[in-house]
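Breakdown of the fold
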Amino acid sequence: MDEQNEQNEREDPAGEAACWIGLLCPECGAVPEGEGAKDPSVPCWRCGTVRTQQDARED
């Protein structure tokens, strides 16, 4: 490996920030897709859970 590649690997963090973790389906952990990514009242594409209903139960 050359010096430039080694330097880039040290500077670039591995992976991405988990800023989307709060958007995951609380039941099955699926990443929302399509309209579900923008609207928490859209049922999960995998299990059908509605995030807004789930949030209301937790309060």
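Note that the structure is predicted; figures quoted are calculated from it, not measured.

Turning our eyes to something else, we now look at the overall build of the chain. Counting secondary structure elements, the chain contains two helices and zero strands. The burial tally for the chain puts 15% of its 59 residues in the buried class. In the chain, once contacts between residues fewer than 6 apart in sequence are set aside, the share between residues at least 24 apart is 16%. Summed over its atoms, the accessible surface of the chain is roughly 4,800 Å², and 48% of this surface lies on carbon and sulfur atoms.

Turning to the environment of Thr 52, a few remarks are in order. You can see Thr 52 is positioned in helix H2 (residues 51-58). In this structure, the C-alpha to C-alpha distance between Thr 52 and Ser 41, residues eleven residues apart in sequence, is 5.4 Å. When sequence neighbours within four positions are dropped, the list of residues in contact with Thr 52 reads Pro 40 and Ser 41.

Parameters at a glance
Residues numbered from 1 in each chain as written. Predicted model: local features only at pLDDT ≥ 70, side-chain atom pairs only at ≥ 80, totals over all residues. Heavy atoms only, no water. Helix = DSSP H or I, 4+ residues; strand = E, 2+ residues; numbered from the N terminus. Buried < 20%, exposed > 50% of the residue type's maximum accessible area, 1.4 Å probe, protein only. Contact = heavy atoms within 4.5 Å. Areas by Shrake-Rupley, 256 points an atom, 1.4 Å probe, with all protein chains shown as cover.

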